[in-house]
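Analysis of the macromolecular model
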Amino acid sequence: QKVPRMSDAPPPKDAKPEAVAAKAAETKDTEKAHPSGMSVEERFKLVRSIGAECIQEEELKALLAKHPCPIAYDGFEPSGRMHIAQGILKSINVNKLTKCGVKFVFWVADWFAMLNNKMGGDLKKIKKVGEYMTEVWKAAGMDLKNVEFKWAQEEINKRPNEYWMLVMDIARRNSIKRIKRCATIMGREAGDDMPAAQILYPAMQCADVFFLKANICQLGMDQRKVNMLAREYLDNKDVKKKYRFKPIILSHPMLMGLKQGQVKMSKSDPNSAIFMEDEPHQVKKKINGAYCPPGVVKDNPILDYTKHIIFNRNGKLLIKRKEENGGDVEYKSFEELEKDYGEEKLHPGDLKPAVIAALNEMLEPVRKHFATPKMKALLKTIRSYKVTR
(Lines give C-alpha, C1' and ligand atoms only; values in the text may rest on other atoms or scores of the structure.)
Protein backbone atom coordinates (compact mmCIF):
# COMPACT_ATOMS: atom_id res chain seq x y z
CA GLN A 1 0.00 0.00 0.00
CA LYS A 2 1.29 3.40 -0.99
CA VAL A 3 1.98 5.63 1.98
CA PRO A 4 1.07 9.24 1.18
CA ARG A 5 3.74 11.88 1.59
CA MET A 6 3.13 14.58 4.16
CA SER A 7 2.90 17.09 1.29
CA ASP A 8 0.03 15.08 -0.24
CA ALA A 9 -2.20 15.44 2.79
CA PRO A 10 -4.52 18.47 2.97
CA PRO A 11 -4.39 20.59 6.15
CA PRO A 12 -7.05 19.65 8.74
CA LYS A 13 -10.30 21.61 8.69
CA ASP A 14 -9.51 23.29 12.00
CA ALA A 15 -5.98 24.23 10.98
CA LYS A 16 -4.79 27.72 11.82
CA PRO A 17 -4.38 30.22 8.96
CA GLU A 18 -0.57 29.95 9.30
CA ALA A 19 -0.77 26.19 8.68
CA VAL A 20 -2.96 26.70 5.59
CA ALA A 21 -0.52 29.30 4.24
CA ALA A 22 2.40 26.96 4.87
CA LYS A 23 0.61 24.18 3.03
CA ALA A 24 -0.05 26.49 0.08
CA ALA A 25 3.60 27.54 -0.01
CA GLU A 26 4.71 23.91 0.13
CA THR A 27 2.39 23.04 -2.78
CA LYS A 28 3.71 25.98 -4.77
CA ASP A 29 7.30 24.90 -4.15
CA THR A 30 6.43 21.38 -5.29
CA GLU A 31 4.93 22.71 -8.52
CA LYS A 32 8.01 24.84 -9.19
CA ALA A 33 10.13 21.71 -9.58
CA HIS A 34 9.51 22.18 -13.32
CA PRO A 35 12.73 23.12 -15.20
CA SER A 36 11.20 26.45 -16.21
CA GLY A 37 10.97 27.48 -12.55
CA MET A 38 7.27 28.29 -13.03
CA SER A 39 4.23 26.71 -11.42
CA VAL A 40 1.59 24.91 -13.47
CA GLU A 41 -0.72 27.89 -13.12
CA GLU A 42 1.96 30.32 -14.27
CA ARG A 43 2.79 28.19 -17.30
CA PHE A 44 -0.89 27.73 -18.13
CA LYS A 45 -1.50 31.47 -17.96
CA LEU A 46 1.44 32.26 -20.27
CA VAL A 47 0.63 29.53 -22.79
CA ARG A 48 -3.08 30.38 -22.79
CA SER A 49 -2.29 34.04 -23.54
CA ILE A 50 -1.21 32.96 -27.04
CA GLY A 51 -4.63 31.82 -28.19
CA ALA A 52 -7.74 33.69 -29.18
CA GLU A 53 -9.30 30.28 -28.57
CA CYS A 54 -8.24 27.15 -26.68
CA ILE A 55 -9.88 23.74 -27.08
CA GLN A 56 -9.91 22.69 -24.27
CA GLU A 57 -8.48 24.71 -21.36
CA GLU A 58 -8.85 21.87 -18.83
CA GLU A 59 -6.91 19.57 -21.14
CA LEU A 60 -4.15 22.16 -21.55
CA LYS A 61 -3.77 22.58 -17.81
CA ALA A 62 -3.67 18.81 -17.30
CA LEU A 63 -1.04 18.45 -20.06
CA LEU A 64 1.23 21.06 -18.49
CA ALA A 65 0.83 19.44 -15.07
CA LYS A 66 1.72 15.95 -16.28
CA HIS A 67 4.12 16.51 -19.16
CA PRO A 68 7.34 18.49 -18.49
CA CYS A 69 8.11 18.94 -22.21
CA PRO A 70 5.05 18.64 -24.47
CA ILE A 71 5.28 19.17 -28.22
CA ALA A 72 3.58 22.04 -30.05
CA TYR A 73 3.62 22.40 -33.81
CA ASP A 74 2.78 24.81 -36.58
CA GLY A 75 2.94 24.00 -40.27
CA PHE A 76 3.66 26.71 -42.82
CA GLU A 77 3.64 26.77 -46.59
CA PRO A 78 6.70 28.48 -48.06
CA SER A 79 4.71 30.81 -50.28
CA GLY A 80 6.55 34.12 -50.63
CA ARG A 81 7.81 36.94 -48.45
CA MET A 82 7.02 36.75 -44.75
CA HIS A 83 4.70 39.33 -43.21
CA ILE A 84 4.87 40.59 -39.65
CA ALA A 85 2.23 38.19 -38.31
CA GLN A 86 4.28 35.18 -39.42
CA GLY A 87 7.51 36.80 -38.31
CA ILE A 88 7.08 38.82 -35.11
CA LEU A 89 3.80 37.39 -33.77
CA LYS A 90 4.99 33.82 -34.37
CA SER A 91 8.29 34.59 -32.61
CA ILE A 92 6.41 35.97 -29.60
CA ASN A 93 4.21 32.88 -29.40
CA VAL A 94 7.07 30.41 -29.80
CA ASN A 95 9.12 32.18 -27.12
CA LYS A 96 6.21 31.98 -24.68
CA LEU A 97 5.86 28.25 -25.30
CA THR A 98 9.54 27.37 -25.08
CA LYS A 99 9.85 29.44 -21.90
CA CYS A 100 7.30 27.04 -20.40
CA GLY A 101 9.31 23.99 -21.45
CA VAL A 102 7.35 23.22 -24.62
CA LYS A 103 9.27 21.88 -27.60
CA PHE A 104 8.19 23.68 -30.79
CA VAL A 105 8.24 21.94 -34.17
CA PHE A 106 7.99 23.98 -37.37
CA TRP A 107 6.63 21.76 -40.12
CA VAL A 108 8.03 23.24 -43.33
CA ALA A 109 5.15 22.17 -45.56
CA ASP A 110 6.91 22.05 -48.93
CA TRP A 111 4.70 19.30 -50.38
CA PHE A 112 1.62 21.10 -49.11
CA ALA A 113 2.67 24.32 -50.83
CA MET A 114 3.03 22.36 -54.07
CA LEU A 115 -0.44 20.83 -53.64
CA ASN A 116 -1.83 24.31 -53.02
CA ASN A 117 -0.11 25.68 -56.16
CA LYS A 118 2.12 28.09 -54.24
CA MET A 119 5.06 29.36 -56.30
CA GLY A 120 3.24 27.83 -59.29
CA GLY A 121 3.78 24.40 -57.76
CA ASP A 122 7.55 24.66 -58.38
CA LEU A 123 9.15 22.62 -55.58
CA LYS A 124 12.62 24.15 -56.10
CA LYS A 125 11.24 27.64 -55.58
CA ILE A 126 9.19 26.45 -52.59
CA LYS A 127 12.33 25.04 -50.94
CA LYS A 128 14.18 28.31 -51.53
CA VAL A 129 11.33 30.25 -49.87
CA GLY A 130 11.45 27.81 -46.94
CA GLU A 131 15.14 28.61 -46.46
CA TYR A 132 14.34 32.34 -46.51
CA MET A 133 11.61 31.95 -43.87
CA THR A 134 13.85 30.05 -41.46
CA GLU A 135 16.46 32.81 -41.84
CA VAL A 136 13.86 35.47 -40.98
CA TRP A 137 12.94 33.69 -37.73
CA LYS A 138 16.59 33.39 -36.76
CA ALA A 139 16.91 37.18 -37.00
CA ALA A 140 13.51 38.10 -35.58
CA GLY A 141 14.25 37.40 -31.92
CA MET A 142 13.00 33.82 -31.76
CA ASP A 143 14.73 31.72 -29.11
CA LEU A 144 15.71 28.62 -31.11
CA LYS A 145 17.07 26.48 -28.24
CA ASN A 146 13.94 24.32 -28.06
CA VAL A 147 12.78 24.76 -31.67
CA GLU A 148 13.13 22.26 -34.51
CA PHE A 149 12.49 22.76 -38.24
CA LYS A 150 11.31 19.67 -40.10
CA TRP A 151 10.76 19.56 -43.85
CA ALA A 152 7.64 17.60 -44.81
CA GLN A 153 9.09 15.88 -47.88
CA GLU A 154 12.22 14.78 -46.06
CA GLU A 155 10.45 13.52 -42.92
CA ILE A 156 7.63 11.73 -44.77
CA ASN A 157 10.16 9.93 -46.96
CA LYS A 158 11.93 8.64 -43.85
CA ARG A 159 8.75 6.87 -42.62
CA PRO A 160 6.49 6.69 -45.68
CA ASN A 161 4.46 3.64 -44.65
CA GLU A 162 3.56 5.14 -41.28
CA TYR A 163 2.58 8.47 -42.81
CA TRP A 164 0.52 7.28 -45.79
CA MET A 165 -1.29 4.60 -43.75
CA LEU A 166 -2.32 7.39 -41.38
CA VAL A 167 -3.47 9.66 -44.24
CA MET A 168 -5.50 6.83 -45.80
CA ASP A 169 -7.08 5.91 -42.47
CA ILE A 170 -8.18 9.51 -41.88
CA ALA A 171 -9.52 9.71 -45.46
CA ARG A 172 -11.55 6.51 -45.22
CA ARG A 173 -13.19 7.59 -41.96
CA ASN A 174 -14.39 10.96 -43.30
CA SER A 175 -16.80 11.93 -46.07
CA ILE A 176 -15.78 14.17 -48.97
CA LYS A 177 -18.26 16.70 -47.61
CA ARG A 178 -16.45 16.80 -44.24
CA ILE A 179 -13.04 17.10 -45.90
CA LYS A 180 -14.25 19.92 -48.19
CA ARG A 181 -15.32 21.89 -45.12
CA CYS A 182 -11.59 22.21 -44.38
CA ALA A 183 -10.93 23.98 -47.71
CA THR A 184 -10.57 27.31 -45.89
CA ILE A 185 -7.23 26.14 -44.43
CA MET A 186 -5.78 26.59 -47.91
CA GLY A 187 -7.34 29.99 -48.44
CA ARG A 188 -10.15 28.41 -50.48
CA GLU A 189 -13.88 28.16 -50.06
CA ALA A 190 -15.75 24.86 -49.91
CA GLY A 191 -17.68 25.82 -53.06
CA ASP A 192 -14.56 26.57 -55.12
CA ASP A 193 -13.78 24.40 -58.12
CA MET A 194 -10.89 22.58 -56.46
CA PRO A 195 -8.37 20.18 -57.96
CA ALA A 196 -8.26 16.74 -56.34
CA ALA A 197 -4.95 17.68 -54.67
CA GLN A 198 -6.89 19.96 -52.34
CA ILE A 199 -9.08 17.08 -51.18
CA LEU A 200 -5.90 15.21 -50.24
CA TYR A 201 -4.43 18.21 -48.39
CA PRO A 202 -6.71 18.24 -45.27
CA ALA A 203 -6.25 14.49 -44.69
CA MET A 204 -2.48 15.03 -44.86
CA GLN A 205 -2.53 18.02 -42.51
CA CYS A 206 -4.65 16.06 -40.05
CA ALA A 207 -2.12 13.22 -40.24
CA ASP A 208 0.74 15.64 -39.50
CA VAL A 209 -0.53 16.12 -35.94
CA PHE A 210 -0.13 12.43 -35.11
CA PHE A 211 2.95 11.86 -37.27
CA LEU A 212 4.77 14.60 -35.33
CA LYS A 213 3.33 13.38 -32.00
CA ALA A 214 2.09 16.91 -31.33
CA ASN A 215 0.24 17.59 -28.08
CA ILE A 216 -0.66 21.16 -29.07
CA CYS A 217 -1.73 22.49 -32.48
CA GLN A 218 -0.52 26.10 -32.35
CA LEU A 219 -1.75 27.49 -35.65
CA GLY A 220 -3.93 30.43 -36.65
CA MET A 221 -7.71 30.62 -36.32
CA ASP A 222 -7.92 30.00 -40.08
CA GLN A 223 -6.67 26.42 -39.46
CA ARG A 224 -9.30 25.60 -36.85
CA LYS A 225 -11.41 23.28 -39.01
CA VAL A 226 -8.65 20.81 -39.78
CA ASN A 227 -7.45 20.87 -36.16
CA MET A 228 -10.99 19.94 -35.14
CA LEU A 229 -10.82 17.11 -37.69
CA ALA A 230 -7.79 15.78 -35.79
CA ARG A 231 -9.72 15.84 -32.52
CA GLU A 232 -12.72 14.16 -34.16
CA TYR A 233 -10.43 11.41 -35.46
CA LEU A 234 -9.92 10.30 -31.85
CA ASP A 235 -13.68 9.82 -31.43
CA ASN A 236 -13.06 6.44 -33.07
CA LYS A 237 -12.49 4.01 -30.21
CA ASP A 238 -9.65 2.09 -31.86
CA VAL A 239 -7.85 5.35 -32.71
CA LYS A 240 -8.30 6.74 -29.20
CA LYS A 241 -6.85 3.52 -27.80
CA LYS A 242 -3.70 4.13 -29.86
CA TYR A 243 -3.20 7.87 -29.27
CA ARG A 244 -5.11 8.28 -25.95
CA PHE A 245 -5.32 12.08 -25.77
CA LYS A 246 -6.87 14.53 -28.21
CA PRO A 247 -4.55 17.28 -29.47
CA ILE A 248 -5.16 20.63 -27.83
CA ILE A 249 -5.99 23.47 -30.22
CA LEU A 250 -4.39 26.80 -29.34
CA SER A 251 -5.32 29.18 -32.15
CA HIS A 252 -3.67 32.58 -32.38
CA PRO A 253 -5.69 35.50 -33.82
CA MET A 254 -5.31 36.56 -37.44
CA LEU A 255 -3.89 40.06 -37.88
CA MET A 256 -6.06 42.35 -40.01
CA GLY A 257 -4.97 43.74 -43.35
CA LEU A 258 -4.10 47.43 -43.31
CA LYS A 259 -6.90 48.45 -45.65
CA GLN A 260 -10.50 48.93 -44.59
CA GLY A 261 -12.47 45.69 -44.44
CA GLN A 262 -9.47 43.33 -44.77
CA VAL A 263 -10.02 40.64 -42.16
CA LYS A 264 -6.48 39.34 -42.65
CA MET A 265 -3.24 40.21 -44.41
CA SER A 266 -2.61 39.09 -47.95
CA LYS A 267 0.78 38.35 -49.51
CA SER A 268 -0.71 39.01 -52.94
CA ASP A 269 -1.50 42.60 -51.86
CA PRO A 270 1.81 44.14 -50.66
CA ASN A 271 0.05 47.23 -49.25
CA SER A 272 -2.14 45.14 -46.95
CA ALA A 273 0.75 44.04 -44.73
CA ILE A 274 4.14 44.93 -43.29
CA PHE A 275 6.80 42.50 -44.52
CA MET A 276 9.73 41.47 -42.38
CA GLU A 277 12.42 43.13 -44.53
CA ASP A 278 10.43 46.26 -45.43
CA GLU A 279 12.59 49.38 -45.30
CA PRO A 280 11.75 52.11 -42.73
CA HIS A 281 10.22 54.37 -45.40
CA GLN A 282 7.98 51.50 -46.59
CA VAL A 283 6.73 50.82 -43.06
CA LYS A 284 6.03 54.53 -42.63
CA LYS A 285 4.12 54.77 -45.92
CA LYS A 286 1.99 51.69 -45.22
CA ILE A 287 1.09 52.63 -41.63
CA ASN A 288 0.33 56.25 -42.56
CA GLY A 289 -1.96 55.01 -45.33
CA ALA A 290 -3.69 52.42 -43.16
CA TYR A 291 -7.35 52.56 -42.14
CA CYS A 292 -7.49 54.22 -38.70
CA PRO A 293 -10.40 56.69 -38.29
CA PRO A 294 -10.45 58.82 -35.11
CA GLY A 295 -12.40 57.26 -32.24
CA VAL A 296 -13.16 54.02 -34.11
CA VAL A 297 -11.95 51.01 -32.16
CA LYS A 298 -13.72 48.18 -33.99
CA ASP A 299 -11.97 46.64 -37.02
CA ASN A 300 -9.11 49.12 -36.74
CA PRO A 301 -5.90 47.47 -38.07
CA ILE A 302 -3.57 49.95 -36.35
CA LEU A 303 -5.08 49.08 -32.97
CA ASP A 304 -4.84 45.42 -33.96
CA TYR A 305 -1.09 45.78 -34.61
CA THR A 306 -0.72 47.72 -31.37
CA LYS A 307 -2.40 45.01 -29.32
CA HIS A 308 -1.01 41.81 -30.84
CA ILE A 309 2.45 42.95 -31.88
CA ILE A 310 3.62 45.95 -29.82
CA PHE A 311 2.05 45.35 -26.40
CA ASN A 312 2.42 41.59 -26.77
CA ARG A 313 6.18 41.99 -27.19
CA ASN A 314 7.10 45.25 -25.44
CA GLY A 315 4.32 45.62 -22.87
CA LYS A 316 4.20 49.39 -23.40
CA LEU A 317 4.05 52.13 -26.03
CA LEU A 318 5.39 55.68 -25.81
CA ILE A 319 3.34 58.32 -27.65
CA LYS A 320 5.32 61.47 -28.40
CA ARG A 321 3.24 64.58 -29.02
CA LYS A 322 3.37 68.34 -28.64
CA GLU A 323 2.45 69.96 -25.30
CA GLU A 324 -0.63 71.59 -26.84
CA ASN A 325 -1.82 68.09 -27.78
CA GLY A 326 -1.37 66.73 -24.26
CA GLY A 327 2.37 66.05 -24.17
CA ASP A 328 4.11 62.69 -24.17
CA VAL A 329 2.30 59.73 -22.65
CA GLU A 330 3.42 56.15 -22.08
CA TYR A 331 0.75 53.47 -22.08
CA LYS A 332 1.45 50.38 -19.97
CA SER A 333 -1.55 48.38 -21.23
CA PHE A 334 -3.44 48.09 -24.49
CA GLU A 335 -6.78 48.47 -22.68
CA GLU A 336 -5.73 51.89 -21.44
CA LEU A 337 -4.68 52.98 -24.93
CA GLU A 338 -7.83 51.56 -26.52
CA LYS A 339 -10.01 53.45 -24.03
CA ASP A 340 -8.30 56.78 -24.75
CA TYR A 341 -8.49 56.19 -28.50
CA GLY A 342 -12.21 55.38 -28.33
CA GLU A 343 -12.80 58.58 -26.34
CA GLU A 344 -10.68 60.52 -28.89
CA LYS A 345 -8.12 61.47 -26.24
CA LEU A 346 -5.56 59.89 -28.54
CA HIS A 347 -5.49 60.91 -32.19
CA PRO A 348 -4.35 58.67 -35.08
CA GLY A 349 -1.89 61.42 -36.02
CA ASP A 350 -0.09 60.74 -32.73
CA LEU A 351 -0.63 56.97 -32.59
CA LYS A 352 0.67 56.14 -36.06
CA PRO A 353 4.20 57.65 -35.61
CA ALA A 354 4.57 55.66 -32.37
CA VAL A 355 3.51 52.45 -34.14
CA ILE A 356 5.92 53.16 -37.00
CA ALA A 357 8.81 53.67 -34.57
CA ALA A 358 8.03 50.50 -32.59
CA LEU A 359 7.68 48.32 -35.69
CA ASN A 360 10.85 49.64 -37.30
CA GLU A 361 12.78 48.89 -34.11
CA MET A 362 11.56 45.27 -34.23
CA LEU A 363 12.38 44.85 -37.91
CA GLU A 364 15.87 46.38 -37.81
CA PRO A 365 17.69 43.12 -36.82
CA VAL A 366 16.04 41.36 -39.78
CA ARG A 367 17.11 44.12 -42.17
CA LYS A 368 20.69 43.85 -40.89
CA HIS A 369 20.61 40.06 -41.28
CA PHE A 370 19.55 40.39 -44.92
CA ALA A 371 22.18 43.06 -45.61
CA THR A 372 24.98 40.44 -45.71
CA PRO A 373 25.97 39.37 -49.27
CA LYS A 374 24.63 35.79 -48.96
CA MET A 375 21.31 36.83 -47.43
CA LYS A 376 20.94 39.76 -49.82
CA ALA A 377 21.21 37.34 -52.76
CA LEU A 378 18.62 35.04 -51.15
CA LEU A 379 16.18 37.93 -50.63
CA LYS A 380 16.67 39.12 -54.21
CA THR A 381 15.74 35.64 -55.43
CA ILE A 382 12.61 35.51 -53.24
CA ARG A 383 11.47 38.94 -54.41
CA SER A 384 11.80 37.82 -58.02
CA TYR A 385 9.25 35.05 -57.53
CA LYS A 386 5.67 35.66 -58.48
CA VAL A 387 3.19 34.98 -55.69
CA THR A 388 0.51 32.55 -56.95
CA ARG A 389 -2.77 31.63 -55.32
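Structure first, text after, so check above.
Computed from a predicted model, the values in this text were never measured in an experiment.

With respect to the packing of aromatic side chains
- For the structure on display, the rule yields 15 aromatic pairs.
- When the centroid spacing of 5.0 Å and the interplanar angle of 10 degrees are considered together, the rings of F106 and F149 count as stacked. Highlighted residues: F106 in strand β3 (residues 103–108) and F149 in strand β4 (residues 147–151), separated in sequence by 43 residues.
- Aromatic pair W107 and F211: ring centres 6.2 Å apart, planes at 65 degrees, arrangement edge-to-face.

Focus on the packing of helix α2 (residues 40–48) against helix α3 (residues 57–66)
- One way to put it is that α2 packs onto α3 with a least axis distance of 9 Å and a crossing angle of 130 degrees. Taken as axis vectors, α2 and α3 run oblique relative to one another. Two packed elements cross with a definite hand, and for α2 against α3 that hand is right-handed. Every residue of α3 that contacts α2 at V40, E41, R43, F44, V47 and R48 is listed here: E57, L60, K61, L64 and A65.
- By residue class, the composition of the contact of α2 with α3 is six nonpolar, no polar and five charged.

Some thoughts on the nonpolar core
- Counting residues in hydrophobic clusters, the biggest one holds 78 residues, and the most contacted among them are I84, Y132, I287, L351 and L359.
- A total of nine residues in this core trace back to one element, the largest contributor, which is helix α16 (residues 348–369).
- Excluding residues that lie within four positions of it along the chain, I84 makes contacts with L89, L255, M265, I274, M276, Y305, I309, L359 and L363.

Rules of the game
- As a convention, each chain's residues are numbered from 1 in the sequence order in which they are written.
- Thresholds applied to this predicted model are a pLDDT of at least 70 for local features of residues and 80 or more for the giving and counting of side-chain atom pairs; totals over whole chains, interfaces and linings are not thresholded and use all residues.
- The basis for every side-chain value is the complete set of non-hydrogen atoms in the structure, without hydrogens or water.
- Within 6.5 Å between ring centres, the rings of Phe, Tyr and Trp (the latter by its six-membered ring) count as paired, and their orientation is classed by plane angle as stacked under 30 degrees, edge-to-face over 60, tilted in between.
- Helix and strand assignments follow DSSP, with helices taken as H or I runs no shorter than four residues and strands as E runs no shorter than two, numbered in order from the N terminus.
- Fitted lines through C-alpha atoms serve as axes, helices being fitted only where they are in contact, and the angles separating the N-to-C directions of these axes extend from 0 to 180 degrees.
- Orientation labels follow simple angle bins: below 35 degrees gives roughly parallel, above 145 gives roughly antiparallel, 65 to 115 gives roughly perpendicular, and whatever is left gives oblique.
- The crossing is said to be left-handed when, going from far helix to near helix, the turn is anticlockwise and less than a right angle, and right-handed when the turn is clockwise.
- Here, residues are in contact when the closest pair of their heavy atoms is within 4.5 Å.
- Each residue gets one of three labels, nonpolar for Ala, Val, Leu, Ile, Met, Phe, Trp, Tyr, Cys and Pro, charged for Asp, Glu, Lys and Arg, and polar for the others, Gly among them.
- Side-chain atoms within 4.5 Å are what join buried Ala, Val, Leu, Ile, Met, Phe, Trp, Tyr and Cys residues into a set we call a nonpolar core.
- Classification of residues uses two cut-offs on accessible area relative to the type maximum, computed with a 1.4 Å probe and protein chains only: under 20% is buried, over 50% is exposed, and between them is partly exposed.

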